[in-house]
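Summary of the model geometry
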Amino acid sequence: MDSIQFSIPIYALISLSTLFFLVAWLRRKPLPPGPMGWPIIGNMLMMDQLTHRGLARLAEKYGGILHLKMGFSHTIAVSSPEMAREILQVQDHIFANRPATIAITYLTYDRVDMAFADYGPFWRQMRKLSVMKLFSRKRAESWDSVRDEVDSMVKSTAVNSGSPVNLGELVFGLTHDIIYRAAFGSISHESKEEFISILQEYTKLFGAFNLADFIPWLGFIDPAGLNTRLPAARAALDRFIDKIIDDHLTKREKIGDQNADKDMVDEMLEFYSVEGKVNEAEILTRDNIKAIIMDVMFGGTETVASAIEWAMTELMHTPEALKRVQQELANVVGLERQVEEADLEKLTYFKCVIKETLRLHPPIPVALHKSSADTTVMGYHIPKGSRVMVNAYAINRDKNSWEDPNTFNPSRFLQNGAPDFRGSNYEFLPFGSGRRSCPGMQLGLYAMEMALVHLLHCFTWELPDGMKPSEIDMVDVFGLTAPKAIRLVAVPTPRLLCPLY
Ligand code: HEM
């Protein structure tokens, strides 16, 4: 009798809570629209459409926010300015995490960097350190590397004048040199080649498909050989950067803190502790230093290089714009000298060329975020842990925000009230917006502007072998960035009355 009396409240409690959860589940908002998926694998057969262009096409059918189920994980693609504002401003605090694959987690030493760390005290600490110590305008050495490397690019181009120059290779080499010098100081050519091959393997591993990211219990299926390639890649990076750190430590022991020409490793070693953990006292471990160096390498090389190559490509493809920007340079700077930093502010049309290039070809076409809690966006349920893809490529070409959105027309930015890329115009997001927006924007823009302005002012450019502007290949490839699929080749001839070397 006693046990029956005891059981009745328990049954009532269980029934009530079941009812409560059932009602909550039934009243839950719907997921955003999207294509139907299969059991277990969901929409995984559409994996090849998770590119800036593929997602833009899906958005035409399903709208500015859409849902895909990839194995067990929810993927949300955002392709309109209104939805981007919801994610990056209104609910920025919920969408400030980063999704990390197994490869990314392993290669970033368990996400002890800034770019892949989840939002929280650790990320804040890393971001503060990077912004104040590494990317700051006060760190003159990074800005010096830009000027010096642009100078040597101009010289090497002048030496080859009259013959075809592979502009893509030229600018990718330039940005590697800039960032490499800013990070490590001057280092031998062989070391640089070795480091570039490590970076290339990292890029491949970051992009490799891994079934275990979507269906964890199928991790034993490993067609890309990740189980052996990941440890090998990280070991190669360890060998490379450990030696650089040791050399820097030896140098510090010899000359103390008097080193006037500090690179990024020097800056970070001021916070280095062998046993340390990152905490309020701002102590960095070797793993932190290595992971942050990789952020800088990935954040700062391909992004800037692809932007410069696209700017030259669009200008060669639109000869009236090329003529206009070079005429502005002749009027403002004159043909008797090279451009100086102080001239940049006066080059109004040139600045519009930069903006229009970043609009049509945002170097990071899709920014990846992750939700840290269940939430509702524009009436749709977004489950906690969803991977959110903010498609800057589609947003920057939104037909409700831009007239003739696919045409390269720098003059659109001459109009009063034209959008700016600092993150408060959600129709123009080359650097993102909100907490996770780009901390390297100033340095990246400076490198892009200096390289482009010198290429345009110092040389006249012709397409090789009588090629017509309309014959230039305008296709891009999707990865972390979206560079030109086929490198731009053009023939330079000196344009100035002063010597270039
Ligand atoms: C034209 C040049 C550049 C463009 C267009 C660009 C664009 C971006 C974008 C779109 C993001 C992601 C924003 C988001 O998730 O919402 C980002 C993040 C980042 N960028 Fe840049 N970037 C450029 C140059 C640089 C440079 C030169 C560096 C470093 C030297 C850099 C370092 C980073 C880092 C570390 C992050 C991750 C920040 C975080 O997660 O907190 N970027 N960048």
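Computed from a predicted structure; not experimentally measured.

1. Focus: the UniProt feature "binding site: heme" (unreviewed entry) in the protein chain
Taking the numbering used here, the UniProt-annotated feature "binding site: heme" (unreviewed entry) corresponds to C438. Inspection of the secondary structure assignment puts C438 in the loop between α15 (392–396) and α16 (441–458).

2. Looking at the sheet that holds strand β1 (residues 65–70)
Sheet architecture is open: four strands sit in the order β1-β2-β7-β4, paired in mixed fashion. At either margin of the open sheet sits one strand with a lone partner, and together these are β1 and β4 (366–370). Here the average twist between neighbouring strands, direction ignored, is 25°. Helix α2 (residues 52–62) contacts β1, β2 (73–78), β4 and β7 (387–391) of the sheet and is inclined by roughly 95° relative to β7. Each of β1, β2, β4 and β7 touches helix α3 (residues 81–90); the most contacted strand, β7, lies at about 130° to it.

3. Remarks on helix α6 (residues 140–159)
Residue pairs spaced three or four apart in an α-helix point in one direction, given the helix's 3.6 residues per turn. Compared with an ideal rise of 1.5 Å per residue, which puts 20 residues at 28 Å, α6 spans 29 Å between its outermost C-alpha atoms and is within 8% of the ideal. Within α6 the residues assigned to the buried category are S142, S145, V146, E149, V150, M153, V154 and T157. Angular distribution of buried residues about the axis of α6 spans 165°; they occupy a single face of the element. Residues A140, S152, K155 and V159 are exposed on α6 and point more than 90 degrees away from its buried face. Considering only its buried residues, α6 is in contact with β3 (165–166), α7 (167–184), α16, β8 (459–462) and β9 (489–494).

4. Considering the environment of R111
With respect to the helices and strands, the residue R111 is situated in the loop between α4 (102–107) and α5 (121–134). Take R111: there are 19 C-beta atoms within 10 Å of it, and that puts it in the partly exposed class. Distance in space between the C-alpha atoms of R111 and T18 is 39 Å, their sequence separation being 93 residues. Contact partners of R111, with chain neighbours within four places excluded, come to A100, T105, F116 and A117.

Procedures and definitions
- Position numbers for residues count from 1 along each chain, tracking the sequence in the order it is written.
- Owing to the predicted nature of the model, reporting of local features is limited to residues with pLDDT of at least 70; listing and counting of side-chain atom pairs is limited to 80 or more, with chain, interface and lining totals taken over all residues.
- UniProt positions are given in the numbering used here, feature names are shortened, and annotations may be inferred rather than shown by experiment.
- In this text, helices come from DSSP runs of H or I with a minimum length of four residues, and strands from runs of E with a minimum of two, each type numbered from the N-terminal end.
- For two strands to be treated as a pair, DSSP must find at least two bridges joining them.
- Between the N-to-C directions of two axes lies an angle of 0 to 180 degrees, each axis being a line fitted to C-alpha atoms and, for a helix, fitted only over the stretch in contact.
- Contacts here follow a simple rule: the backbone-placed C-beta atoms of the two residues must lie within 7 Å.
- To estimate how far a helix should extend, the number of its residues minus one is multiplied by 1.5 Å.
- Working definition of burial: number of other C-beta atoms within 10 Å of the residue's own, with buried at 20 or more, exposed at 12 or fewer, and partly exposed in between, all C-beta atoms being placed from the backbone.
- Throughout, the arc means that of the directions going from the helix axis to the C-beta atoms.

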